[in-house]
Amino acid sequence: MLAYSTYSEAGGVGKTTTAANLAVAHARAGLDPLVVPLDPQDGDLSRLFGVDDDRTEPVDNLVRHLIRRPKGDFGDLIRTVEGVDIIPEHNMLSDLAEYLQREKEQAEAMGEAFGVHAQLLRVLREAGVPDQYDVLICDPPATEGPHLYNAINATRSLVIPIEPSAKGQAAVEGLEELVAGFEEQLDVEVGVLAAIPMGFKNTRDQRSILEAIEYPIPEVVGERASLMEGCWMQQCSAFEYVREHRDRRRDYEIETLAQFDRLARHLEREVGLEAPNPPEPGDVDHEVMTA
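Under the annotation held in an unreviewed UniProt entry, the chain carries the name ParA family protein and is attributed to Halobellus litoreus.

S.K.: Where do I start with the overall build of the chain in this structure?
M.R.: The secondary structure content of the chain amounts to 12 helices and 8 strands. At 19 Å, the chain has a C-alpha radius of gyration in line with the 19 Å of a compact globule built from 291 residues. Each principal axis of the C-alpha distribution contributes one length, and for the chain these read about 60 × 40 × 35 Å. Partitioning the intrachain contacts of the chain with sequence separation of at least 6 by distance along the chain shows that 73% fall at a separation of at least 24. Counting only carbon and sulfur atoms, one obtains 43% of the accessible surface of the chain, whose full area is about 13100 Å². One way to put it: in the chain the 27 positive side-chain charges average out to a point 3 Å from where the 54 negative ones average out.

S.K.: Teacher, can you tell me more about a negative patch on the surface here?
M.R.: Taken together, the side chains of E9, E144, E173, E176, E177 and E214 present a region of like negative charge at the surface. Along the chain, the position of E144 falls in the loop between β5 (135-139) and α7 (146-155).

S.K.: What is the right way to look at the packing of helix α1 (residues 15-28) against helix α12 (residues 251-270) in this model?
M.R.: The axes of two packed helices give the description: the angle between them and the distance between them. Orientation of α1 relative to α12, taken along the N-to-C sense of each, is 75°, at an axis distance of 9 Å. One way to sum up the angle between α1 and α12 is to call them roughly perpendicular. Contacts between α1 and α12 pair T18, N21, L22, A25, H26 and R28 from the former with F260, D261, L263, A264, R265, L267 and E268 from the latter. Looking at the contact of α1 with α12 residue by residue, the classes come out as 6 nonpolar, 3 polar and 4 charged.

S.K.: Explain the pattern of salt bridges here, please?
M.R.: In a structure, side chains of opposite charge can pair up when their charged atoms sit close to one another. Scanning the entire structure with this criterion turns up 17 salt bridges. With its nearest N and O atoms 3.1 Å apart, the salt bridge here joins R69 to E103. One end of the pair, R69, is in the loop between α3 (62-66) and β3 (79-81); the other, E103, is in helix α4 (residues 96-109), and 34 residues separate them in sequence. Residue classification places E103 among the buried residues on the basis of a relative accessible area of 6%.

S.K.: Which parts of the structure should I look at to understand unusual backbone geometry?
M.R.: Even without glycine at this site, R156 takes up a positive phi of about 65°. Summarising the element assignment, R156 is placed in the loop between α7 and β6 (157-162). The class of R156 is partly exposed, set by a relative accessible area of 28%.

S.K.: I would appreciate a short explanation of helix α10 (residues 225-234) in the present structure.
M.R.: An α-helical turn contains 3.6 residues, so any two residues separated by three or four positions project in the same direction. Among the residues of α10, those classed as buried are L227, M228, G230 and C231. Projected onto a plane normal to the axis of α10, the buried residues spread over an arc of 155° and lie on a single side. The inward-facing, buried residues of α10 contact α1, α2 (45-48), α11 (238-244) and α12. Phi turns positive, to about 55°, at Q235, one or two residues after α10.

S.K.: Whenever I open this one, the sheet that holds strand β1 (residues 2-6) confuses me. Can you help?
M.R.: If you trace the 8 strands from one edge of the open sheet to the other, you get β3-β4-β2-β5-β1-β6-β7-β8, paired in mixed fashion. Each edge of the sheet is formed by a strand with only one pairing partner; in this case those strands are β3 and β8 (221-222). Of the pairings in the sheet, the one linking strand β7 (residues 191-200) to β8 comprises 2 bridges and is parallel in character. Opposite M198, over in β8, you have V221 as the bridge partner. Contacting β1, β2 (33-37), β4 (84-86), β5, β6 and β7, α1 runs over the sheet at an angle of about 170° to β5.

S.K.: Is there a simple way to think about the pairing of β6 in this case?
M.R.: Regular strands place side chains that alternate from one sheet face to the opposite one. The element β6 is extensively covered by neighbouring structure, given that 6 of its 6 residues are classed as buried. Covered by surrounding structure in β6 are S157, V159 and P161 together with L158, I160 and I162, the residues of both alternating faces. Pairing geometry for β1 and β6, over 2 bridges, is parallel. The partner of T6 across the bridge, within β6, is V159. As defined by bridge partners, β6 adjoins β7 across 6 bridges and the pair is classed as parallel. The partner of I162 across the bridge, within β7, is P197. Note that the unit made of β6, helix α8 (residues 166-186) and β7 has a crossover that is right-handed.

Here is what the cut-offs are and how they apply
Residues numbered from 1 in each chain as written. Predicted model: local features only at pLDDT ≥ 70, side-chain atom pairs only at ≥ 80, totals over all residues. Heavy atoms only, no water. Helix = DSSP H or I, 4+ residues; strand = E, 2+ residues; numbered from the N terminus. Rg over C-alpha atoms; globule rule 2.2 N^0.38 Å. Contact = heavy atoms within 4.5 Å. Areas by Shrake-Rupley, 256 points an atom, 1.4 Å probe, with all protein chains shown as cover. Lys, Arg positive; Asp, Glu negative; His and termini not counted. Charge placed at Lys NZ, Arg CZ, Asp CG, Glu CD. Patch = residues over 30% accessible without salt bridge, like charges linked within 9 Å, V, L, I, M, F, W, Y side chains within 5 Å. Salt bridge = Lys/Arg side-chain N within 4 Å of Asp/Glu carboxyl O. Axes fitted to C-alpha atoms, helices over the stretch in contact; angles between N-to-C directions. Parallel < 35°, antiparallel > 145°, perpendicular 65-115°, else oblique. Nonpolar A, V, L, I, M, F, W, Y, C, P; charged D, E, K, R; others polar. Buried < 20%, exposed > 50% of the residue type's maximum accessible area, 1.4 Å probe, protein only. Arc of directions from axis to C-beta. Pairing = 2+ DSSP bridges. Right-handed = clockwise from strand over helix to strand, strands pointing away.

Spelled out as structure tokens, the structure:
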């Protein structure tokens, strides 16, 4: 299974839209992706795909499974949009650190072990996710804490959207320290599958910053604010937005879709995963068929 978390220390670089569009790109090729968003904020992946309608309701949700208090089966949490299975975010994520700490204290009082950063991995394994899905994508918040640590522990790989600026470069450098500390703390190896510059305008300073990045850069995405804002307004991926909501198909937007398709193929190749029905990159009308 291909597993990765989208992460950037800097906000506003398109982390969540990158996760959403890569998930759809995997699904377009006939793979089965599961997306686990972990951001407690309202402007999250569940909102982007329009599956956050129960986030304030007292319903079963991922947090209850993480603290061993589920109200039902893991599979009942899943919503499917554009061929992508999603575990919707819930407001209980805002207090995840407190819930996990309480459960840890109760477990230790009973002489049991409870790793607060290993619970997502446990839940996914117990639910058989590695056997049922081809791709796992986690979309944690940018801030350090149990949301991020559980995501990294579950996936062990990162895809990093990068703002091609001095701020973005500093965020990448901070990420290196974060990963090193996490590897030491949990005794796991964390790799970076790709860095994806977003909003690239091909200035001299931006080119210099890209040259200094040591991670693989399979694609460089230009300024696409209108396209990405349209996705949020229509609550869909860029693929569906161009196909269903644009008055005409613009070449530069088709090229952006092609970049997401190519990125998905790059990530799949990194783990030897072969998609059964990959589209011609950017083919908006590609018929999705599963193996």
